[in-house]
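# Results of the structural survey
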Amino acid sequence: MNTEKTKVHFTDNYLINPTNPICINLIGAGGTGSKVLTSLMEMNHSLIELGHAGLQVRLWDDDSITSANLGRQRFAQSETGLYKSVSLINRANRWSGTNWKAETVKFEKDKFGRLPENARAIITITCVDNVQARFGVAEILKEMSTCRNYSDTPKYWLDFGNSQHTGQVLLSTISEIKQPSSEKYQTVASLPMVTDEFAELLQQSEEQDDTPSCSLSEALEKQDLFINSSLAQMGCSLLWGLFRNGMTQYRGFFLNLKDFRSQPIKVA
């Protein structure tokens, strides 16, 4: 008889019972990020309806909208030339009455090694298209985790990444999350960072061409039309489960949209 307990990660208690809206930094407003923002709008409304304080999102992207972005990303012809982050946040605030913020700079240290202003958030979500940006985010999160006397001390990092037909979403803890004692489950306090666990694979993927696309047809040669939205929906479902269920057996998944396969990744 197998008596091994199911391994789970219990959500940090502050996410379940916050005194203020949960601060989220969403980094990247392109194919995946623009759709993750839509999911966060739905999540925020639903949480508030359930008596929760909701979310306070800050969207980071220094790119402007081009004609190549139309169709695959959440932008209209009339928005061409505007900052992606400003356009999306303005639309979100008008739609849902929120006071979310846009940053038109990269989420990175400056030339003196100083952290970006407003870098601190309880949850960081990355939807970036290059590996170096991920390692930069990891470094910033690790540095901020040493200061634990803030209510918005970083706790979770949700990273989205994809190629043409495949992608993955991975949830990490920035430091150990205190777990309750449990007779039913084996608790897991720490979830490894994508940059630690898959460093070699990330470096290999960087060797692929990641130059900007000049047209939608060229962009579709690199990323299929629905890979971004599929990852956004599934990844935000994982985040929603942290709030709604207060625990998770899974810290992410691999997705292959070409043959419709999804492989969950357990917390341990």
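For the structure, see preceding data.
Now for a description of the structure that goes with this document. This one's a predicted model, so the numbers in the text were calculated from it and none came from an experiment.

## Some remarks on the packing of helix 2 (residues 33-49) against helix 8 (residues 227-245)
- Where helix 2 meets helix 8, the closest approach of the two axes is 9 Å, and the angle between their N-to-C directions is 30°. In terms of orientation, helix 2 lies roughly parallel with respect to helix 8. The handedness of the crossing between helix 2 and helix 8 is right-handed. Mapping the contact onto sequence places K35, V36, S39, L40, M43, S46 and L47 in helix 2 and S229, A232, Q233, C236, L239, W240 and F243 in helix 8.

## What to know about helix 8
- In this model helix 8 runs 26 Å from its N-terminal to its C-terminal C-alpha over 19 residues, within 8% of the 27 Å that 1.5 Å per residue would give.
- Just past helix 8, the residue G246 takes up positive phi, approximately 75°.

## What to know about the sheet that holds strand 9 (residues 247-248)
- Pairing within the open sheet is mixed, and its three strands lie in the order 8-1-9. Pairing within the sheet leaves two strands with one partner each, and these edge strands are strand 8 (185-187) and strand 9.
- Sheet analysis places strand 1 (residues 6-10) next to strand 8, joined by three bridges and oriented parallel. Of the residues in strand 8, the one forming a bridge with T6 is Y185.

## Concerning the side chain of T124
- With respect to the helices and strands, the residue T124 is situated in strand 5 (residues 123-126).
- Residue T124 is classed as buried on the basis of its relative accessible area, which comes to 0%.
- When sequence neighbours within four positions are dropped, the list of residues in contact with T124 reads N25, I27, V137, L141, Y156, W157 and L158.

## Quick notes on the sheet that holds strand 7 (residues 166-173)
- Spatial ordering of the open sheet is given by 4-3-2-5-6-7-10-11, a layout of eight strands whose pairing is mixed. The open sheet terminates on both sides in strands that have one partner only, identified here as strand 4 (101-103) and strand 11 (261-266). Between one strand axis and the next, the sheet turns through 15° on average, direction left out of account.
- Alignment of strand 3 (residues 55-60) against strand 4, held across three bridges, turns out to be parallel. Counterpart to L59 in the pairing with strand 4 is A102.
- Running over the sheet, helix 4 (residues 131-144) touches strand 2 (22-27), strand 5 and strand 6 (156-162) and is turned about 175° from strand 6.

## Regarding the pairing of strand 5
- Side chains of strand 5 alternate between two faces, with I123 and I125 and T124 and T126 buried alike.
- Sheet analysis places strand 2 next to strand 5, joined by four bridges and oriented parallel. The partner of L26 across the bridge, within strand 5, is I125.
- Here four bridges tie strand 5 to strand 6, and the two strands are oriented parallel to one another. The residue bridging I123 from the neighbouring strand is Y156, located in strand 6.

## So, the packing of aromatic side chains
- Applying the stated criterion across every chain, the model contains three aromatic pairs.
- Between F10 and Y185 the ring centres are 6.2 Å apart and the planes differ by 75°, which places this aromatic pair in the edge-to-face class. Residue F10 is found in strand 1, and its partner Y185 is found in strand 8; the two are separated by 175 residues along the sequence.
- On the basis of an interplanar angle of 85° and a centroid distance of 6.2 Å, the ring pair of F198 and F254 is categorised as edge-to-face. Placement of F198 in the loop between helix 5 (194-197) and helix 6 (199-205) and of F254 in strand 10 (residues 250-256) is noted, with a sequence separation of 56 residues between them.

How each quantity is defined
Residues numbered from 1 in each chain as written. Predicted model: local features only at pLDDT ≥ 70, side-chain atom pairs only at ≥ 80, totals over all residues. Heavy atoms only, no water. Axes fitted to C-alpha atoms, helices over the stretch in contact; angles between N-to-C directions. Helix = DSSP H or I, 4+ residues; strand = E, 2+ residues; numbered from the N terminus. Parallel < 35°, antiparallel > 145°, perpendicular 65-115°, else oblique. Left-handed = near helix turned anticlockwise from the far one by under 90°. Contact = heavy atoms within 4.5 Å. Expected span 1.5 Å × (residues − 1). Pairing = 2+ DSSP bridges. Buried < 20%, exposed > 50% of the residue type's maximum accessible area, 1.4 Å probe, protein only. Phe/Tyr/Trp six-rings, centres within 6.5 Å; stacked < 30°, edge-to-face > 60°.

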